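# Report on the structure
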Amino acid sequence: MAEPGPQGNGLDSPAPVPAPGPSPGPVPVPRERPEQAEGTGCVCLRAGRAQGADPQREDADSDCSADSWSDYGSRDKPGTTLGRTVPDGNVLFPDIFYTDHLLFYERFSAYQDYILADCKASEVKQFLAEYLEKVLEPSGWQAIWRTNVFDVLVAVVDVNFPALKAVVQLSEPFLCESQDSSFTLECMQELLELKERQVLLQELFVVYDESGGFDQTALAIEHVRFFYRCIWRTWDEEEEDEFDYFVRCVEPRLRLHYDILEHRVPSGLVADHQKLLSQCEELYEKFLNVRNTLSSSDSDSEAENVSMVEGLKLYEQVEHIKQRLKVIENPLLRYVFGYQKYGSLQAKGLRSTGAKVIHVVPWNMKADLLQQLTRDKLCPESCGTLEIQFHRDPLAAVSACYEGDRVIICPGHYFVDGMFSIADSIELEGYGLPDDVVIEKQGKGDNFFDCTGANIKISNLKLVQHDAVEGILNVHHGKTALENCVLQCETTGITVRTSAELLMRNSDLYGAKGAGVEIYPGSACTLLHNGIHHCKEGILVKNFLDEVYEAPRITMVNNMIHNNEGYGVVLVRPAMPSEMKDAAAQETTGCTQPTQAGDEAACAEGSRQEQPGCVTDELELCKRAQTSEQAENNSEIANVLGAASAKKRQIRRKRLSELGFTEADDNLMSQEMFVSVDGNQFKWNGKGSFGIFFF
């Protein structure tokens with residue numbers, strides 16, 4: 001299972017120090033903060049260079065200081081090390097500092113060690129003001145004041161730190177870029193007077209200065225601007241205040257931002273996140289208006305009662321959306337629950353004539369190949385009603401299919417820039433061995449194969465995936481049969497979603513950075529005679545103890561699951577209270593988990609190899625021991641998966657009893673995990689044959 005971790009390296013980079021030059025300002029001292037709680041996914045950063053420390057010694061102590069973002073202020077490099085960029089527009093504005101390219105760990109370090117530390121949500125503005133007081137030049141610099149309507153060049157004469165605003169005046173000569181010509185010098189002077197000549201710091205873009213004296217100022221404003229644009233939510237201040245705001249909100253939102261930039265989040269989920277944010281902002285604003293109206297009214301009228309009911313409904317809606325946002329923003333929950341939506345794939349159904357077509361994709365059609373294809377694949381059909389269509393690439397052939405069509409792909413290496421969306425019941429078959437019929441994905445995208453048809457069959461193909469956010473094949477609905485295929489993955493392998501069914505036989509899957517096969521609740525998965533290897537995890541079974549989800553039905557027979565980084569099979573499920581108590585007791589008594597079966601096999605094998613002179617009896621004993629071990633592994637997996645399903649059945653029976661249903665329907669109560677695990681071999685998996693992940 002691809003557990004979330006820190007994005008990028010270098011989290012322990014040296015802290016920023018000011019650049020040399022006129023009035024560089026004081027060195028920001030890292031805030032003291034307690035150790036992060038377990039499971040937050042972040043590490044503590046060491047303190048930055050103290051003022052007056054020997055820079056040569058610091059450089060010797062840190063190998064990454066030369067490449068670190070904080071090296072812009074090193075004493076032996078005069079002048080600025082920040083880049084410059086030309087502002088957009090027709091007006092000849094001066095260049096500005098280029099600061100929006102910062103990496104994840106650069107922002108992470110700044111917010112954790114220098115800006116927010118362990119502050120609470122209600123203290124965010126105060127902490128920002130204290131940070132700015134230490135690093136921001138109070139005057140003597142120019143900036144472009146940028147809004148949605150206009151850009152204008154201003155000079156900063158003072159800073160109102162508590163309000164996070166700068167006192168500005170128009171620069172000479174007057175430079176302004178606007179959507180219309182109404183923003184004249186007189187209009188801008190009047191606007192500044194109305195604003196008491198104070199503008200928000202995050203609306204200012206510092207004019208480039210090569211001396212290095214305003215590097216800290218440009219970076220500080222960038223951190224404030226990014227925080228209010230990507231991190232802060234208007235409702236954060238009313239959240240529970242006893243928790244560390246950085247751990248609870250800043251870190252997960254920062255990770256989500258960079259996961260989206262690096263195309264690690266499905267585009268549909270990104271769109272949902274933006275939509276939910278907009279909805280929550282709108283509803284929260286309405287809720288505040290209703291609450292303010294109630295607080296300013298002293299009467300007990302019927303209209304006020306109606307407003308109170310409306311306020312409660314708005315509050316519930318806001319809380320519901322906030323919980324959905326937290327699931328998306330938390331990398332662990334985002335992985336565990338997954339993105340269960342899919343594109344609006346519409347099945348075409350049968351042709352109006354009722355005819356079925358064979359689509360042929362030839363890489364290089366020769367006479368002998370055409371004769372063989374006709375003999376093997378086309379002649380068995382009724383020649384009188386047979387219609388054949390030829391296509392240049394597999395994607396075009398699949399896109400042209402209707403219900404019941406068949407696609408035959410001739411030997412060749414096909415490069416496809418796009419996604420296969422299969423909504424009808426069709427057959428996709430390679431004519432030859434899998435290594436002879438290769439479909440390789442080019443370009444970036446969420447998925448490679450999306451299947452929603454009632455009965456889809458894919459056979460004799462090798463699928464090679466690159467740069468996909470999700471897996472190589474997603475079965476959303478219906479049944480997909482995969483036979484005699486090779487799947488070379490790069491992210492997750494095959495995902496079997498809720499209410500979907502997968503039959504995978506005589507196939508080979510490898511290379512997934514997540515799980516080779518992900519099995520969701522309410523799905524059915526049959527794995528027969530397959531190889532699943534060199535993945536992060538072999539098979540990931542998600543079983544949530546909730547009435548919304550039905551337990552998956554799993555059949556695993558004669559599969560070879562080996563050389564995976566983690567476990568061969570992993571069960572993901574919530575931890576029950578009794579299990580939490582047992583885990584705590586084990587920690588206090590110093591108990592450790594027993595050795596995994598795979599580790600025991602490795603030890604036994606090693607001890608046998610040390611003994612010279614193997615005879616027939618010893619080889620027979622070795623063979624029996626391995627057979628017994630594999631049988632125990634299969635039995636253990638079946639028992640644990642079955643027990644998890646039985647626990648869910650007990651919870652469901654209890655809930656029905658609480659609702660007054662004393663006799664439940666047999667079909668309803670038999671919705672437990674059907675498990676058949678037999679003849680599978682587990683070898684050389686990093687953590688063992690089977691493991692359980694609690695959340």
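A brief structural summary. (Residues numbered from 1 in each chain as written. Predicted model: local features only at pLDDT ≥ 70, side-chain atom pairs only at ≥ 80, totals over all residues. Heavy atoms only, no water.)

## Some details on the overall build of the protein chain
- On a plain count of helices and strands, the protein chain comes out with 15 helices and 34 strands.
- Considering the protein chain as a whole, with its 695 residues, one finds that 47% of them fall into the buried category.
- Restricting to contacts in the protein chain with at least 6 residues of sequence separation, those with at least 24 account for 70%. (Helix = DSSP H or I, 4+ residues; strand = E, 2+ residues; numbered from the N terminus. Buried < 20%, exposed > 50% of the residue type's maximum accessible area, 1.4 Å probe, protein only. Contact = heavy atoms within 4.5 Å.)

## Comments concerning helix 6 (residues 245-261)
- Given a rise of 1.5 Å per residue, 17 residues ought to cover 24 Å, and the 23 Å separating the end C-alpha atoms of helix 6 matches this to within 8%.
- The buried fraction of helix 6 amounts to twelve of the 17 residues, a majority that puts the element mostly inside the structure.
- Of the positions making up helix 6, those classed as buried are Tyr245, Phe246, Cys249, Val250, Glu251, Pro252, Arg253, Leu254, Arg255, Leu256, Tyr258 and Asp259.
- If you check the start of helix 6, you find a side-chain oxygen 2.9 Å away from the backbone N of phenylalanine 246, and it comes from aspartate 244.
- Of the residues trailing helix 6, histidine 263 is marked for its positive phi of about 60°. (Expected span 1.5 Å × (residues − 1). Polar contact = N/O pair within 3.5 Å; in protein donor to acceptor, adjacent residues only side chain to side chain.)

## Overview of the pattern of salt bridges
- Tallied over the entire structure, the rule returns 17 salt bridges.
- When the shortest N-O distance is used, the salt bridge between glutamate 483 and arginine 505 registers 3.7 Å. Placement of glutamate 483 in strand 20 (residues 478-483) and of arginine 505 in strand 23 (residues 500-505) is noted, with a sequence separation of 22 residues between them. (Salt bridge = Lys/Arg side-chain N within 4 Å of Asp/Glu carboxyl O.)

## Some points on a nonpolar patch on the surface
- A cluster of nonpolar side chains, contributed by Leu370, Ile388 and Phe390, occupies part of the molecular surface with about 260 Å² of accessible area.
- One can find isoleucine 388 in strand 10 (residues 387-390). (Patch = residues over 30% accessible without salt bridge, like charges linked within 9 Å, V, L, I, M, F, W, Y side chains within 5 Å. Areas by Shrake-Rupley, 256 points an atom, 1.4 Å probe, with all protein chains shown as cover.)

## Considering the sheet that holds strand 23
- The ten strands lie next to each other as 10-9-11-14-17-20-23-26-29-32, forming an open sheet whose pairing is parallel. Only two strands of the sheet have a single partner each, and these edge strands are strand 10 and strand 32 (675-678). Sheet twist, expressed as the mean angle between neighbouring strand axes with direction ignored, is 10°. (Pairing = 2+ DSSP bridges. Axes fitted to C-alpha atoms, helices over the stretch in contact; angles between N-to-C directions.)

## Details of the packing of helix 5 (residues 215-231) against helix 6
- Contact geometry of helix 5 with helix 6 gives a least axis separation of 10 Å together with a crossing angle of 85°. As summarised for this structure, helix 5 and helix 6 are arranged roughly perpendicular, according to the angle between their axes. Here Phe226, Phe227, Cys230 and Ile231 of helix 5 come into contact with helix 6, specifically with Tyr245, Val250, Arg253, Leu254, His257 and Tyr258. (Parallel < 35°, antiparallel > 145°, perpendicular 65-115°, else oblique.)

## Regarding the packing of aromatic side chains
- Per the stated rule, a full pass over the model turns up 19 aromatic pairs.
- On the numbers, 6.5 Å between centres and 25° between planes, the contact of tyrosine 111 with phenylalanine 226 is stacked. Residue tyrosine 111 is located in helix 2 (residues 104-115), and its partner phenylalanine 226 is located in helix 5; the two are separated by 115 residues in the primary sequence.
- Tyrosine 111 sits in the buried class, given a relative accessible area of 0%.
- A centroid spacing of 4.3 Å and a plane angle of 10° characterise the contact between phenylalanine 420 and phenylalanine 449, whose relative ring orientation is stacked. Of this pair, phenylalanine 420 sits in strand 13 (residues 420-422) while phenylalanine 449 is found in strand 16 (residues 449-451), placing the two residues 29 residues apart along the sequence. (Phe/Tyr/Trp six-rings, centres within 6.5 Å; stacked < 30°, edge-to-face > 60°.)

## Overview of unusual backbone geometry
- Along the chain, glutamate 172 connects to proline 173 via a cis peptide bond; the corresponding omega equals 0°.
- Among the structural elements, proline 173 can be located in the loop between strand 5 (165-170) and strand 6 (176-178).
- If you check the backbone angles, leucine 164 has positive phi at about 55° while not being a glycine.
- Note that leucine 164 resides in the loop between strand 4 (150-160) and strand 5.
- Positive phi values are uncommon outside glycine, yet histidine 534 reaches one of about 55°.
- Along the polypeptide, histidine 534 turns up in the loop between strand 27 (531-533) and strand 28 (537-542).

## Here's the deal with helix 3 (residues 124-135)
- End to end, helix 3 covers 17 Å across twelve residues, agreeing with the expected 16 Å (1.5 Å per residue, within 8%).
- Turning to helix 3, its buried residues number three or more, namely Val124, Phe127, Leu128, Ala129, Tyr131, Leu132 and Val135.
- Here the buried face of helix 3 lies against helix 2, helix 5 and helix 6.

## Quick notes on the sheet that holds strand 16
- Across the sheet, which stays open at both edges, the eight strands sit in the order 13-16-19-22-25-28-31-34 with parallel pairing between neighbours. Two strands bound the open sheet, and with one partner strand each, they are strand 13 and strand 34 (688-694). Shown here is a sheet whose adjacent strand axes are inclined to one another by a mean of 15°, direction ignored.
- Sheet analysis places strand 31 (residues 567-573) next to strand 34, joined by six bridges and oriented parallel. Bridging across to strand 34, valine 570 finds its partner in glycine 691.

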